[in-house]
Amino acid sequence: QAPSADPALAQDYEPRPAIWRLADADTTIFLFGTIHLLPEGFRWRNPQFDQVLASVDTLVLESSTQDAEHSLAVHSGKIAALTAATPSISSRLSPAVRGKWRQLIEQSGQPFALVDRMPLPLAIMGFGYSVGEGAVSSYEFGVETVLEAEFAATGRPVESIESHGGVLLSLMRLDDEAMLRELEADLASWPGTDAAMADSGATTPDEGPWAMEHAWAQGRIAEDFDLGLGPGKTGRAFHRVLLTRRNAAWARWLEARLDQPGTIMVAVGAGHFEGRDSLLAMLAERGLSAVRIN
């Protein structure tokens, strides 16, 4: 892979993203925190990781590509009904900020007509995961994409720890009145510039827009994880649905999986291993200890 021309992406260190081992007498589960989107050429593997991966029988993702497509098909009726019953976001905003709402969507590179008709929680999440033309990071180079392709090439199975469609439905069912009020206030105070796209001038791994990726690649674990949606009701609601509830469910899944012999790797978003309600904390509540091995 070609290295990026962005000087803030230069890596003057050997990567060592965190890996944990959860095991009993006949089962070993390696836990690996991932980054879903990465720039081409960004290094995150090392010999220890490749050695661990070679020992694994099965890869478990949040949801494999095949399972995600199936679960979306299963829930398509409910998703379509909820979407159809939702009025456009712009019609719920005051006239004073509707223009800014359009401007924000257009600056993100997404089609206004599509985003404006989404349930509000999905529209908000879309700004965190949208990949417009010319974007540096891509799912193509993200950890899950790379690992899933590697397991497919070697004939090893890829499983899912949850239903992608189910998670989507849980987001769509969030009470969005508080979100709408916070969006209204944020748009009213927004100057109309896209700060996220501004050149930070960063030249080292510890600063600028790639600080999170560099910290992850160096194995740093933050005391808390921030979805970037602020401390208000919107941020708390997303944290509850996307992190707390899922971490608790995954901890139950992992405890049950220990009853099945073999060696697997569970590769899920790195944020699930950070904070007071992390997956590691949820495992500890169940009397299970995952030991970091690097």
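So, how was this worked out
- Position numbers for residues start from 1 in each chain and track the written sequence from start to end.
- Since the coordinates come from a predicted model, pLDDT governs what is reported: local features require at least 70, and pairs of side-chain atoms require 80 or more to be given and counted, while whole-chain, interface and lining totals use all residues.
- Excluded from the side-chain calculation are hydrogens and water; included are all heavy atoms of the structure.
- Only DSSP runs of H or I with at least four residues qualify as helices, and only runs of E with at least two residues qualify as strands; both kinds are numbered from the N terminus onward.
- The globule rule used for comparison is 2.2 Å times the number of residues to the exponent 0.38, while the radius of gyration itself is calculated over C-alpha atoms.
- Accessible area is worked out with a 1.4 Å probe on protein chains only. A residue is then buried under 20% of its type maximum, exposed over 50%, and partly exposed in between.
- The nonpolar core is taken to be a set of buried Ala, Val, Leu, Ile, Met, Phe, Trp, Tyr and Cys residues, with the residues joined through side-chain atoms within 4.5 Å.
- Strand pairing is assigned whenever DSSP detects at least two bridges linking the two strands.
- Contact criterion: two residues are considered in contact whenever any of their non-hydrogen atoms come within 4.5 Å of each other.
- Every angle, taken between N-to-C directions, lies between 0 and 180 degrees, and every axis is a line fitted to C-alpha atoms, over only the stretch in contact when it is a helix.

Undergrad: Describe the overall build of the chain, and please don't skip the residues or the numbers.
TA: When helices and strands are counted, the chain shows 13 helices and eight strands. Computed over its C-alpha atoms, the radius of gyration of the chain comes to 20 Å, within 12% of the 19 Å expected for a compact globule of 294 residues. Expressed as lengths along the three principal axes of its C-alpha atoms, the size of the chain is roughly 65 × 45 × 35 Å. Counting across all 294 residues of the chain, residues that qualify as buried make up 45%.

Undergrad: Tell me about the nonpolar core, residues and numbers included.
TA: If you look at the biggest cluster of nonpolar residues, it comprises 27 residues, and the most contacted ones within it are L93, W101 and L171. Within the residue set of this core, elements represented by two or more residues are α5 (95-108), α6 (112-116), α7 (120-129), α9 (164-172), α10 (177-189) and α12 (233-257). Within the second largest apolar cluster, 26 residues are counted, among which are L38, F42, A217 and M265.

Undergrad: Give me the lowdown on the sheet that holds strand β8 (residues 291-292), citing residues and values where you can.
TA: Each strand in a sheet pairs with its neighbour through backbone hydrogen bonds, running either in the same direction (parallel) or in the opposite one (antiparallel). Within the open sheet, the six strands sit side by side as β6-β4-β7-β2-β1-β8. Their pairing is mixed. Single-partner strands in this sheet number two, and they are β6 (158-160) and β8. As paired elements, strand β4 (residues 58-61) and strand β7 (residues 262-269) share four bridges and run parallel to each other. Bridged to L59 within β7 is M265. Across the sheet, helix α1 (residues 47-54) is in contact with β1 (19-23), β2 (27-34) and β7; its angle to β7 comes to roughly 125°. Against the sheet, α12 engages β1, β2, β4, β6 and β7, with an angle of about 170° to β7.

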